[in-house]
Amino acid sequence: MRVQLTKKIISSSLPRDRPYELRDAQVRGLLLRVQPSGHRAWIVTWAHGKRRTLGSVQHLSLDQARDVARQVVADFVQTGLPAIGRPKAPSITLRAFLDEHYAPWARTELKTAIDSLRRIEQAFPGLMLMPLAKIDGRAIEQWWAGRLRDKVRPGAAQTISKATASRNLATLRSALTQAVKWRLLENNPVASARLKTSKPRTVVRFLTAAEESRLRATLIQRDSLRATARANANSWRSARRQELLPDLPQGCYTDHLSPIVLLAINTGLRKGELLTLDWADIHFEARMLTVRSENAKSGRQRHVPLNEEALCVLSRWRGLTKGTDSVFGIRGLKTSWDKLLVSASIENLRFHDLRHHFASRLVMNGVDLNTVRELLGHADLTMTLRYAHLAPEHLAAAVGTLSAPTAQRD
């Protein structure tokens, strides 16, 4: 029965032998259901056979029930399924979500799966046993405040930067986006969180001539000291008839750091591209290396020529890594990189800045920006334009081609 519901009609609707309903003539989908016991409750319906109980008339007024019904019907018209009709997401902890759902998917679909999973586990230990539904804006704000007090490593004085915390948060946001898609979570709490990032660099950071000289000298000194330390250790072991460690001859690379840094300076490859190189990607006769599409940020394969130093570095390093498919065989180099910068007295330099250094040297030596773009693997020229100011002599030469107009004669 459809009637114009009023407070008087609601209060005077008496129970009968069987339940009955009064349909509101003012708001589509709103019903008043009266039970034989006298209990009266609000019902909202949005399609044939699709209904939910909103609450009793004692807890929900007529106006409130009408407002809810309007919203439910509007959601149905816009999305096809109002929020009230969606199945409740199962209760699952972040730990269980990562292990049972996200990790198997990520290992198949993401080339950064290992790094992403490790980053979440290291950055969010306090959220691991928390149900996904309990991770809200407040929990994220508390995490943010605590994260900025964490040390970069045990015993270090330096704390985590805002940029690092933001990267942590972005990785978690990406994972929880999948939880929403798989209906394990209704809303992504990180999607609405305010990401507080540090100010982006406005100037491209590259090595000065003095800094590059110190960096190279420090790498040589580091390898020399490691080789000397290994020789002393083997002398000590030999005197005690203990098994000797593999030799580290003077003048050779003692580990991955020197070849990686020198190759980055001479090729401009990203860290991830360097660490995923296989020897099959190095073409010595063609003097070129290949960055495979699955390892490139742009998703496109590219070929990078090798200069004399890059060829020499790879040739020397290949002799020390016989029998391995991977060129470097490591996952990261943060600790050794940080120590190298301290030893070389170089501040405010990221490993990624070696890529900027490579591009900057090309531009300052007169290489056109489109060629630099191809070598760096940029999808378009927009990113490469940040290096345009490093070639002022070419800009001046371009302006110099304009001659003064000849004065007109009478």
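Procedures and definitions
- Residues numbered from 1 in each chain as written.
- Predicted model: local features only at pLDDT ≥ 70, side-chain atom pairs only at ≥ 80, totals over all residues.
- Heavy atoms only, no water.
- Helix = DSSP H or I, 4+ residues; strand = E, 2+ residues; numbered from the N terminus.
- Buried < 20%, exposed > 50% of the residue type's maximum accessible area, 1.4 Å probe, protein only.
- Contact = heavy atoms within 4.5 Å.
- Areas by Shrake-Rupley, 256 points an atom, 1.4 Å probe, with all protein chains shown as cover.
- Pairing = 2+ DSSP bridges.
- Salt bridge = Lys/Arg side-chain N within 4 Å of Asp/Glu carboxyl O.
- Axes fitted to C-alpha atoms, helices over the stretch in contact; angles between N-to-C directions.
- Left-handed = near helix turned anticlockwise from the far one by under 90°.
- Nonpolar A, V, L, I, M, F, W, Y, C, P; charged D, E, K, R; others polar.
- Arc of directions from axis to C-beta.
- Parallel < 35°, antiparallel > 145°, perpendicular 65-115°, else oblique.

## Focus: the overall build of the chain
- Scanning the chain for helices and strands turns up 14 helices and eight strands.
- The buried share among the 410 residues of the chain stands at 39%.
- Once local pairs closer than 6 in sequence are excluded, the contacts in the chain between residues at least 24 apart make up 53%.
- As displayed, the chain has an accessible area near 24,500 Å², and 53% of this comes from carbon and sulfur atoms.

## Concerning the pairing of strand β7 (residues 288-291)
- Sheet analysis places strand β6 (residues 282-283) next to β7, joined by two bridges and oriented antiparallel. Residue Ile282 lies in a different strand from β7, and its bridge partner there is Leu289.
- In this antiparallel pair of consecutive strands, β6 and β7, the connection spans four residues, and Arg287 shows a positive phi of 55 degrees.
- The pairing of β7 with strand β8 (residues 302-305) spans four bridges and is classified as antiparallel. In the strand pairing of β8, Thr290 is matched with His303.

## Concerning the sheet that holds strand β4 (residues 40-47)
- Spatially, the five strands line up as an open sheet ordered β1-β2-β3-β4-β5, and their pairing is mixed. Lying at the two open borders of the sheet, with one neighbouring strand each, are β1 (2-3) and β5 (50-56).
- Judged from the five bridges that link them, strand β3 (residues 30-34) and β4 form a sheet pairing that is antiparallel. Pairing of Leu32 across the sheet is with Trp42, part of β4.

## Some thoughts on the pattern of salt bridges
- Scanning the model with the defined rule gives 22 salt bridges in all.
- A salt bridge links Asp115 to Arg118, with the nearest nitrogen and oxygen atoms 2.6 Å apart. In this pair, Asp115 and Arg118 both sit in helix α4 (residues 113-123), three residues apart, roughly one turn of the helix.
- Among the ionic pairs, Glu273 bridges to Arg270, the shortest N-O distance being 2.7 Å. Considered together, Glu273 and Arg270 belong to a single accessibility category, that of buried residues.
- Here the residues in one salt-bridge network are Asp278, Asp281, Arg292 and Glu294, joined through shared partners.

## Overview of the sheet that holds β8
- Taken together, three strands build an open sheet; the order of strands is β6-β7-β8 and the sheet is antiparallel. Of all strands in the sheet, those bounded by a partner on one side alone are β6 and β8.

## Some thoughts on the packing of helix α5 (residues 137-147) against helix α6 (residues 162-181)
- At a minimum axis distance of 10 Å, the contact between α5 and α6 shows a crossing angle of 145 degrees. Handedness of the α5/α6 crossing: right-handed. Contacts from Ile140, Trp143, Trp144 and Arg147 in α5 reach Lys162, Ala165, Ser166, Asn168, Leu169 and Leu172 in α6.
- In terms of residue class, the contact of α5 with α6 is built from six nonpolar, two polar and two charged.

## Things to note about the environment of Asp17
- Counting through the fold element by element, Asp17 comes out in the loop between α1 (7-12) and β2 (20-24).
- Distance in space between the C-alpha atoms of Asp17 and Pro36 is 5.6 Å, their sequence separation being 19 residues.

## What about helix α10 (residues 308-318)?
- Among the residues making up α10, those that are buried are Ala310, Leu311, Val313, Leu314 and Trp317. What you see down the axis of α10 is that its buried residues fit within an arc of 165 degrees, all on one side.
- Buried positions along α10 lie against α8 (257-267) and β6.

## Regarding the packing of helix α7 (residues 209-239) against α8
- Where α7 contacts α8, the two axes come as close as 10 Å, and the packing angle between them is 155 degrees. Accordingly, the angle class assigned to the pair α7 and α8 is roughly antiparallel. Viewed along their axes, α7 and α8 form a crossing whose handedness is left-handed. Where α7 abuts α8, its residues Glu212, Leu215, Arg216, Leu219, Arg222 and Asp223 lie against Leu257, Ser258, Val261, Leu262, Ile265 and Asn266.
- Of the residues that constitute the contact of α7 with α8, the class distribution is six nonpolar, two polar and four charged.

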